[in-house]
Amino acid sequence: MTLTDADYMARALFHAARGRGRTSPNPVVGAVVVSADGVVVGQGYHARAGEPHAEVHALAMAGTQARGGTLYCTLEPCSHTGRTGPCVPRIADAGIARVVAAVQDPNPLVSGRGFDYLRSRGITVDVGLGVGQAAQLNQPFFTTMRERRPFVILKAAISLDGCMAAAPGTRTQLTSAPANRHAHRVRAEVDALAVGVGTILIDDPHLTPRGVFREQPFTRIIFDRRLRTPPTAQVLSTQAAGPVIIVTTADAAAQTAVRDPLERRGAQIVTADGSIRAGLEAVSARGITSVLLEGGASLLAAAWDEGVVDFVRLYVTPHVFGTAGVRFLPGRRLPPAMLAERRVVQLGPDVVIEGYVHGPR
Ligand SMILES: NC(=O)c1ccc[n+]([C@@H]2O[C@H](COP(=O)([O-])OP(=O)(O)OC[C@H]3O[C@@H](n4cnc5c(N)ncnc54)[C@H](OP(=O)(O)O)[C@@H]3O)[C@@H](O)[C@H]2O)c1
């Protein structure tokens, strides 16, 4: 059987996916080296930020067999010195004759310069094979590079009649055990989880991923413009899971009598202009590339109105709360049918519906 470029790129994408949930704020990247006579002689992936890039692993495995061969990589090889050195001179020095890359790196420090360098050294460069999958694997990195904010997943549990709680000011357990397990598992895949201060005041949640393995610290973000988070909030007793950031306004942060007790409990106070977008930009500057917005009703509505939601995940449960219920996105239109690349999965008595708001980009 003769293998094609598409087969080798599929293999590189498989390796890239092995880094999921580990490389942030770096992208996940996979690479495969095929010798001049068509044998896979090297492969690798980027395992953690600060560790060697995928191309370096694949070239090291290939050794002298890389000479005259083709390198398949899921992202443009880097041309700048970050925590590790640039990859493109190593590719040229290894004698690679052709590079097939899925997508150009949106990082302004690279963005075509890697390809230019390779071409200047006489290497053939083909770009675009597997671009859809490669971009999808790296949504957080791409969103961060292009929009200076994290990739945002809106998550909510709703009743059949579209409510997030049975009544204002109450905590309502909506989802079943299988849906809860799913919700904890997806917490393991993002850099941070965010809620509004209303949810802290009403539900007093821990906001930790439970029953799942997570390699990186899990940041919890509270959108709280008036610093109403009580220093006794349970989330502040879970710092072992990762930092707690309170996004507030400069005015509120200036009230040291309110701020100091929160900082003594380990909260990091970050200021922004009160919008969700500005808050997201502020946490992006701290290396957060993906955020799961978990509620409550007001915060989700504000994020939706600001157009900062990239992906929606709804757990639809068989409850009906009627007019007393707290509505999900009241007065706004979010028909699940409009979600791109929609997926629907049954979880016990609940159904999770998820998809992209604008399609993967
Ligand atoms: N079913 C679910 O999936 C789910 C998930 C979580 C919560 N809930 C439920 O939702 C309810 C809580 O919802 P909630 O609406 O009261 O509270 P919330 O959405 O958690 O928090 C709302 C607060 O966030 C603050 N905030 C900060 N920046 C904001 C911005 N740019 N725009 C809007 N608000 C901003 C506002 O307070 P400041 O103006 O003081 O900053 C606002 O009052 C509870 O019943 C809870 O059980 C349900």
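Residues numbered from 1 in each chain as written. Predicted model: local features only at pLDDT ≥ 70, side-chain atom pairs only at ≥ 80, totals over all residues.

### Looking at the overall build of the protein
Thought 1: When helices and strands are counted, the protein shows 12 helices and 16 strands.
Thought 2: With respect to the principal axes defined by its C-alpha atoms, the protein has extents near 70 × 45 × 35 Å.
Thought 3: Pairs at least 24 apart in sequence give 73% of the contacts found in the protein among residues at least 6 apart. (Helix = DSSP H or I, 4+ residues; strand = E, 2+ residues; numbered from the N terminus. Contact = placed C-beta atoms within 7 Å.)

### Things to note about the sheet that holds strand E5 (residues 124-127)
Thought 1: Strand order in the open sheet made by the 5 strands is E2-E1-E3-E4-E5, with mixed pairing throughout. Each of the sheet's edge strands pairs with one partner strand only, and the pair in question is strand E2 (40-45) and E5. The sheet shows a mean angle of 15 degrees between the axes of neighbouring strands, taken without regard to direction.
Thought 2: Direction of pairing for strand E1 (residues 30-34) relative to E2: antiparallel, over a ladder of 5 bridges. What sits directly across from Val32, in E2, is Gln43. (Pairing = 2+ DSSP bridges. Axes fitted to C-alpha atoms, helices over the stretch in contact; angles between N-to-C directions.)

### As for the nonpolar core
Nonpolar side chains in soluble globular proteins tend to be buried together.
Thought 1: In terms of nonpolar packing, the biggest core is built from 57 residues, with Val152, Met164, Ile221, Val291, Leu293 and Ala303 touching the most fellow members.
Thought 2: Beyond its immediate sequence surroundings of up to four residues, Val152 is in contact with Leu280, Val291, Leu293, Ala303, Val308, Val309 and Asp310.
Thought 3: Counting residues in hydrophobic clusters, the runner-up holds 41 residues, among them Val32, Ala62, Ala101 and Leu137. (Core = buried A, V, L, I, M, F, W, Y, C linked by C-beta atoms within 7 Å. Buried ≥ 20, exposed ≤ 12 C-beta atoms within 10 Å, placed from the backbone.)

### Description of the sheet that holds strand E16 (residues 350-356)
Thought 1: Sheet architecture is open: 9 strands sit in the order E11-E10-E9-E8-E12-E6-E13-E16-E15, paired in mixed fashion. The open sheet has two free edges, formed respectively by strand E11 (268-271) and strand E15 (340-347), since each of these has just one partner strand. Ignoring strand direction, the axes of neighbouring strands in this sheet form an average angle of 20 degrees.
Thought 2: With 6 bridges connecting them, E15 and E16 associate as antiparallel partners. Paired with Arg343 across the strands is Glu354, a residue of E16.

### Remarks on the site of the ligand
Thought 1: Around the ligand, a shell composed of 31 residues is seen, among which Gly196, Gly198, Arg225, Gly295 and Gly296 lie nearest.
Thought 2: Only strand E6 (151-158), strand E7 (163-165), strand E8 (192-196), helix H8 (197-203) and helix H12 (297-306) provide two or more residues apiece to the shell around the ligand.
Thought 3: Among the elements that make up the shell around the ligand, the one with the highest residue count is H8 (5 residues).
Thought 4: Here the residues of the shell around the ligand sort into 14 nonpolar, 10 polar and 7 charged. (Near = placed C-beta within 6 Å. Nonpolar A, V, L, I, M, F, W, Y, C, P; charged D, E, K, R; others polar.)

### Structural notes on the domain arrangement of the protein
A common measure of how large an interface is: the accessible area buried when the components associate.
Thought 1: One can read the domain layout of the protein as domain 1 (5-137) and domain 2 (140-356).
Thought 2: The gap between the C-alpha centroids of domain 1 and domain 2 is 35 Å.
Thought 3: Here the residues of the side of domain 1 that touches domain 2 sort into 4 nonpolar, 3 polar and 2 charged. (Domains from an automatic or database assignment.)

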